[in-house]
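One-letter residues, chain by chain:
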Amino acid sequence: MSPFKGQTGLKRILNAAGYSWDGLRAAFGGEAAFRQLVLLNAVLVPLAFFLDVSRGERAILVAVCLLALIVELLNSAVEAAIDRISLERHPLSKNAKDMGSAAQLVALSMIGLVWGIVLLG
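A brief structural summary. No experiment lies behind these values; they were computed from the predicted model shown. (Residues numbered from 1 in each chain as written. Predicted model: local features only at pLDDT ≥ 70, side-chain atom pairs only at ≥ 80, totals over all residues. Heavy atoms only, no water.)

**A few points about the overall build of the protein chain**
Item 1. Within the protein chain one finds four helices and zero strands.
Item 2. Start at the N end of the protein chain and walk to the C end: the helices and strands fall as α-α-α-α.
Item 3. For the protein chain, whose C-alpha radius of gyration is 18 Å, the value lies well above the compact-globule estimate of 14 Å for 121 residues.
Item 4. Projected onto the principal axes, the alpha-carbon positions of the protein chain cover approximately 50 × 45 × 25 Å.
Item 5. Burial status across the protein chain gives 23% buried among its 121 residues.
Item 6. By sequence separation, contacts in the protein chain at least 24 residues apart represent 65% of the contacts at least 6 residues apart. (Helix = DSSP H or I, 4+ residues; strand = E, 2+ residues; numbered from the N terminus. Rg over C-alpha atoms; globule rule 2.2 N^0.38 Å. Buried < 20%, exposed > 50% of the residue type's maximum accessible area, 1.4 Å probe, protein only. Contact = heavy atoms within 4.5 Å.)

**A short note on the packing of helix H2 (residues 32–50) against helix H4 (residues 91–120)**
Item 1. Relative orientation of the contacting elements H2 and H4 amounts to 20°, with a least axis distance of 13 Å. It follows that H2 is roughly parallel to H4 by the angle criterion. The way H2 lies across H4 gives a crossing that is left-handed. Across the interface between the two elements, Leu-37, Leu-40, Leu-44, Leu-47 and Ala-48 from H2 touch Gln-104, Leu-108, Ile-111 and Trp-115 from H4.
Item 2. Here the contact of H2 with H4 is composed, by residue class, of eight nonpolar, one polar and no charged. (Axes fitted to C-alpha atoms, helices over the stretch in contact; angles between N-to-C directions. Parallel < 35°, antiparallel > 145°, perpendicular 65-115°, else oblique. Left-handed = near helix turned anticlockwise from the far one by under 90°. Nonpolar A, V, L, I, M, F, W, Y, C, P; charged D, E, K, R; others polar.)

**As for the pattern of salt bridges**
Item 1. Tallied over the full model, the rule gives three salt bridges.
Item 2. Among the ionic pairs, Arg-25 bridges to Asp-22, the shortest N-O distance being 4.0 Å. Note that Arg-25 and Asp-22 are positioned in helix H1 (residues 9–30) at a spacing of three residues, about one turn of the helix.
Item 3. Among the residues examined, Arg-25 registers a relative accessible area of 52% and is labelled exposed.
Item 4. The class of Asp-22 is partly exposed, set by a relative accessible area of 40%.
Item 5. For Asp-98, the salt bridge identified is with Lys-94, shortest N-O distance 2.5 Å. (Salt bridge = Lys/Arg side-chain N within 4 Å of Asp/Glu carboxyl O.)

**Concerning H2**
Item 1. Helix length check: H2, at 19 residues, gives a terminal C-alpha distance of 28 Å against a target of 27 Å (1.5 Å per residue), a fit within 8%.
Item 2. Residues of H2 that are buried in the fold lie against H1, helix H3 (55–85) and H4. (Expected span 1.5 Å × (residues − 1).)

**Digging into the side chain of Asn-75**
Item 1. Counting through the fold element by element, Asn-75 comes out in helix H3.
Item 2. Looking at Asn-75, its side chain comes within polar contact range of the main-chain nitrogen of Ser-101, at 3.5 Å.
Item 3. Ignoring sequence-local partners within four residues, the contact set of Asn-75 consists of Lys-97, Gly-100 and Ser-101. (Polar contact = N/O pair within 3.5 Å; in protein donor to acceptor, adjacent residues only side chain to side chain.)

Have a look at this one:
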């Protein structure tokens, strides 16, 4: 069992919030792709509130943008874990990193597809 486990209640929530904030800062400071997605979200999310769409469509427009941020955070975490294990080139490491990149490609494609369907449909 991890020595970091065992906190309960408010202490656990405060610790988790701190770790989450640290993760966001690490991603923003160290990952250009994350910063680019934050910029994209800074444009698209407010734009979603100015468009003449239903509340449900607006929610979906915002959700797919935020999903791309989530995928990038997970992709960056996979890359960091792989690099922590070894910087040596290995086919399994390449597969893991490539799959994370593919997940982000799907998420970005989903943004384009959903925004296209809502705006053109």
